[in-house]
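# A look at the structure
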Amino acid sequence: MDRRFFGIGAVSAFLSVAAGAFGAHALKGTLETHRMTEVWKTAVLYHFIHALALLLLAVLPTVSRATAT
């Protein structure tokens, strides 16, 4: 397991959940006024998907990233 990717992925996942909660509660009125709720939800979803990808990279067996000659 690559601890670096796992740490970055975990922090990124936490931030995506925090951003979703912040948008759902603190920014709710502003997002609704400007009709940006769906944009915010999509951005948070993409952020979370990328965080999961980082976590997946962390737990997969390490593969040499060098090109074979």
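As shown above, the structure is provided for reference.
Here is what the cut-offs are and how they apply
Residues numbered from 1 in each chain as written. Predicted model: local features only at pLDDT ≥ 70, side-chain atom pairs only at ≥ 80, totals over all residues. Heavy atoms only, no water. Helix = DSSP H or I, 4+ residues; strand = E, 2+ residues; numbered from the N terminus. Buried < 20%, exposed > 50% of the residue type's maximum accessible area, 1.4 Å probe, protein only. Areas by Shrake-Rupley, 256 points an atom, 1.4 Å probe, with all protein chains shown as cover. Polar contact = N/O pair within 3.5 Å; in protein donor to acceptor, adjacent residues only side chain to side chain.

### A look at the overall build of the protein chain
Helix and strand content of the protein chain: three helices and zero strands. Starting at the N terminus and ending at the C terminus, the protein chain contains elements arranged as α-α-α. A buried classification covers 16% of the 69 residues belonging to the protein chain. As displayed, the protein chain has an accessible area near 5,500 Å², and 70% of this comes from carbon and sulfur atoms.

### So, the environment of Phe5
Examined against the element boundaries, Phe5 turns out to sit in helix α1 (residues 3-25). For Phe5, a relative accessible area of 24% gives the class partly exposed. Spatially, the C-alpha atom of Phe5 lies 6.9 Å from that of Leu57, the residues being 52 residues apart in sequence.

### A few points about the environment of His50
Inspection of the secondary structure assignment puts His50 in helix α3 (residues 37-59). You can call His50 exposed: its relative accessible area is 55%. The sequence separation of His50 and Gly9 amounts to 41 residues, and the corresponding C-alpha distance is 8.2 Å. There is a polar contact of 2.7 Å between the side chain of His50 and the backbone oxygen of Tyr46.

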